[in-house]
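Remarks on the overall topology
What follows is each chain in one-letter form.
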Amino acid sequence: MEKHFHEIRDAVHVFVHLDTEERRVVDSVAFQRLRHIHQLALTHLVYPGATHRRFEHSLGVMELAGRVFDVITAERNRDSRVRQVFPPSPDALNYWRRVVRMAALCHDLGHLPFSHAAEGTLLPQGMKHHDLSAKIIQSDDMQRIWESVTPPLRRQEVAKLAVGPKDLKGEAFGPWESLLSETIVGDSFGVDRMDYLLRDSLHAGVIYGKIDQYRLIDTLRVLPENNTKEAEPALGVELGGLPSAEGLLLARYFMYTQVYFHPVRRIYDIHLRDFLTAWLGRNRFPTELDDFLRLTDEEVLVEMRKAARDPSHPGHDPADRILNRKHFRLLYERNPDDSAKNPEAGRAVYAAACQEFGDQYVRHDRYAEKEDPADFPVRMRDDRIVSSRAQSHVLKDLPPVNVDYVFVAPEIRTEAEQWLARNRQDIIVQKEKEEDEP
Amino acid sequence: MKRLQRAAVLLSLIEALRRRDSWCAETNVQKAVYFLQELLEVPLDLEFVLYKYGPYSFDLREELTSLRADSILTFEIRDPTYGPSYAPGQLRDLIVGDFPKTISRFRKEIDFVAERLGNKGIAELERLSTALYVRLRSPDTGVHKRAQSVRELKPHISSPLAEQAVKEVDAMFEEWQAICKE
C-alpha cells in the first residue's frame, strides 16, 4: 500500500512529520538546494559544530508551525473578543493549516549562499532574500505543486505567509493572514525563531538557546491587543506561559550576544562579503531563478579555494584571510562610557583609523537592534489583557542588542592598538557635522 | 536625512506629543510620523503600508527600536493594560545639542502635528490616518467617495465617522497650506 504520511528524524524535534504533498515540496529543486546553504554562514570557523543547513531548519519550522496552528485555532483556546478573525468552516481551517505548513517549509527558499552574510551588498538595491523566496514560491515549478494539492493552494497566500507584511512589499494583509504570518516569521513567537534558537544552540554547543517550546506553544493564543473595543487581534500568551516567553526572549538575547554577534563570526561575514563582491561585483548576484538556484555555498567555496591560491584573483585577499585564518582582529567595541559621549563612537574610530592606516586595513560593523519582540498581549486569569512589558520585569528591562565593532588587519594590530590608546579620547568625540539641508 | 538627524526629529516629535498629553505608545507615534512625512513632507524616508490601525511603517518600528538600543529613547510603563509609552532616553540632551538646526528647521511641522494629533486616541488616529492614506491616493475625489474608500479599507469604521475623518484631514491640509503661504 502506498504511504501518504512520512517522517524524518530530526536532531531537535526527534521526528518531523509530513504528508506526500509536503514531500513533493521537499523533493523540489528549490528546496533540495537548502541542503547546501549553511544556516549560520561561516560560524563553524568559530563554533566547529555549527555546520547545519537551512534544509533541516526549514523542516523544523514546518513541524512547529503545524503545532502552533493547532493550538491557536482549537475551539477551547479561542478568545471570544477576537473570535471573528477565525475562518468559519472546518474546510477553510484545513485549507489554512496546509498553507501555513507549506509557507513555513518554504520561508527560506530565497537565501543566498551563506545565508545573510552578503545579502545587502550583492543583491540589487532594495532587494532582499525574502523577495526571492516569494518569487520562487510563485514560480511555475512550484505552482505545479500548489495545483496538485487537495484543495489547490493559492500561491500568493503561501508567499504572503512565508514572507510576512514587513518584507512582502505591495501586498495588503488582512488580520487573519497577518496573524498566521506572525506565527511563522513574527518577531515575538515566530516558529522560525523558535527553531533556529534551538537548532543553532544545539549545533554550536551553546546552551543559551534552549527554550521550553512545549509550554510556550501550548499557551499561545490569539488575543485582543489591549482592552479597548477597537483592539486588533494579535498573537499573545496566557499568563501561565509568560515565563516560557521570557525564556525565549532571553535565549534570543544571549544567542545574539554570544553567537550571532560574536566578533570573530562577524568579521568572517565581512571577509565573505568582500570576497563575493570582488568575485561577482556589487549588486550583481543572479536573481533570475535558474541562475540563482544553481549557486550554493559549495560553488562559492570552490571559487574561494581557487582565489586563495591565486594572488591575481580579485578575491584573493579575503579568500586567503578566511581559509588561512588571517582574519582581521577586534580593535574597538562599543561601551557605555563612549556611547554616552557619542552614540556613533565606532564610526568615529573607524573613520580615524581609515585615515591613519588606509581603509583596506580597517572594517566597521554596526548593528543597533531593529526588531522589538518583547511587546505582546498577556491574558490574565481574570481575562484582562495586560501588556507583556508591564507584567514582566524581565521583558521591560531586556536591553536591545547593540553592536559596534572596528576591526583591523592582523599585520597592523599592535600599531593600531597603540595608536588608539594614545588618541582614544579625542577620536571618540569626533562627530559628523550637522547638514544644513537634510 | 542621516540617522541621528532623523533621531533628532523623532525625539522632538515625541516630546511635543507628550507635552500635549499623548499616550505616546507606538501607534500614536506611528500615526503622527505618517502625518509629518506624508502631509507636511518632512523627508524622513520611511515606507508606510496599510497594516495595524491604518498606515504603518515597519521601517519606523525598526528605527524606534534602534534608538532605544542607543538610549536616545526609552520605554515608560504608565498603565499595565496598555503598551509602553515612548519617552526621551539618557542621550536626549546630547542629540538635541548636536542637531539644533535640524530641530528648528522642522519645529513648525512638528508642532502642527503634535497640536492636532496629540490628544487623540487610537480609534480616531486610525480613522484620520486612513483618511489621509486615501486622500494621497485619490486627491481629486469627493468627500463621500473617499469616506467609502476608508470604509472599504477599515469596515469597522462607520460612515459618519469616516466622512468626518475625511473632512478633518482636508481641513488640516488647507490649514497647513495657509501656514506655508504666510
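Residues numbered from 1 in each chain as written. Chains lettered and ligands numbered in written order. Predicted model: local features only at pLDDT ≥ 70, side-chain atom pairs only at ≥ 80, totals over all residues.

Before going further, it helps to spend a moment on the interface of chain B and chain A. With 33 residues of chain B in contact, the opposing surface of chain A contributes 36 residues. For the side of chain B that touches chain A, the elements supplying multiple residues, two or more each, are α1 (3-19), β1 (49-51), α3 (58-69), α5 (100-105) and α7 (122-137) of chain B. Considering every element that reaches the side of chain B that touches chain A, the biggest residue donor is α3 of chain B, with 7 residues. (Contact = placed C-beta atoms within 7 Å. Helix = DSSP H or I, 4+ residues; strand = E, 2+ residues; numbered from the N terminus.)

Residues and elements named next belong to chain B. Between α7 and helix α9 (residues 159-181), the shortest axis-to-axis distance is 8 Å and the interhelical angle comes to 65°. The angle between α7 and α9 falls in the class roughly perpendicular. Seen along the crossing, α7 lies across α9 with a hand that is right-handed. Touching R127, L128, A131, L132 and R135 of α7 are L161, A162, A165, V166, E168 and V169, all from α9. The residue makeup of the contact of α7 with α9, split by class, is 8 nonpolar, no polar and 3 charged. (Axes fitted to C-alpha atoms, helices over the stretch in contact; angles between N-to-C directions. Parallel < 35°, antiparallel > 145°, perpendicular 65-115°, else oblique. Left-handed = near helix turned anticlockwise from the far one by under 90°. Nonpolar A, V, L, I, M, F, W, Y, C, P; charged D, E, K, R; others polar.)

Right, let's talk about the pairing of strand β1 (residues 5-10) of chain A for a bit. All names here are of chain A. Among the 6 residues that make up β1, 0 are buried, leaving the element largely open to the surroundings. Alignment of β1 against strand β2 (residues 14-19), held across 6 bridges, turns out to be antiparallel. For H6, the partnering residue across the bridge sits in β2 and is L18. Where β1 hands over to β2, the hairpin turn is made up of 3 residues, counted between the paired strands. (Buried ≥ 20, exposed ≤ 12 C-beta atoms within 10 Å, placed from the backbone. Pairing = 2+ DSSP bridges.)

Our next topic: the sheet that holds strand β7 (residues 377-379) of chain A. All names here are of chain A. The strand order β3-β4-β7-β8 describes an open sheet built from 4 strands, whose pairing is mixed. The two strands at the open ends of the sheet, each matched to only one other strand, are β3 (220-224) and β8 (385-387). Each neighbouring strand pair of the sheet contributes to a mean axis angle of 45°, computed without reference to strand direction. Pairing of β3 with strand β4 (residues 233-238), which is carried by 5 bridges, proceeds in the antiparallel orientation. Residue pairing in the sheet places L223 in a bridge with A234 of β4. Against the sheet, helix α9 (residues 175-185) makes contact with β3 and β4, and its axis sits at roughly 45° relative to β4, the strand it touches most.

A few words now on the domain arrangement of chain A. Residue and element names in this part refer to chain A. According to the domain assignment, chain A consists of domain 1 (5-260) and domain 2 (328-431). Contacts between the two partners involve 22 residues from domain 1 and, on the opposite side, 18 residues from domain 2. Breaking the side of domain 1 that touches domain 2 down by element, the ones donating at least two residues are β3, β4 and α12 (242-260). Considering every element that reaches the side of domain 1 that touches domain 2, the biggest residue donor is α12, with 8 residues. Per-class residue counts for the side of domain 1 that touches domain 2 are 11 nonpolar, 5 polar and 6 charged. (Domains from an automatic or database assignment.)

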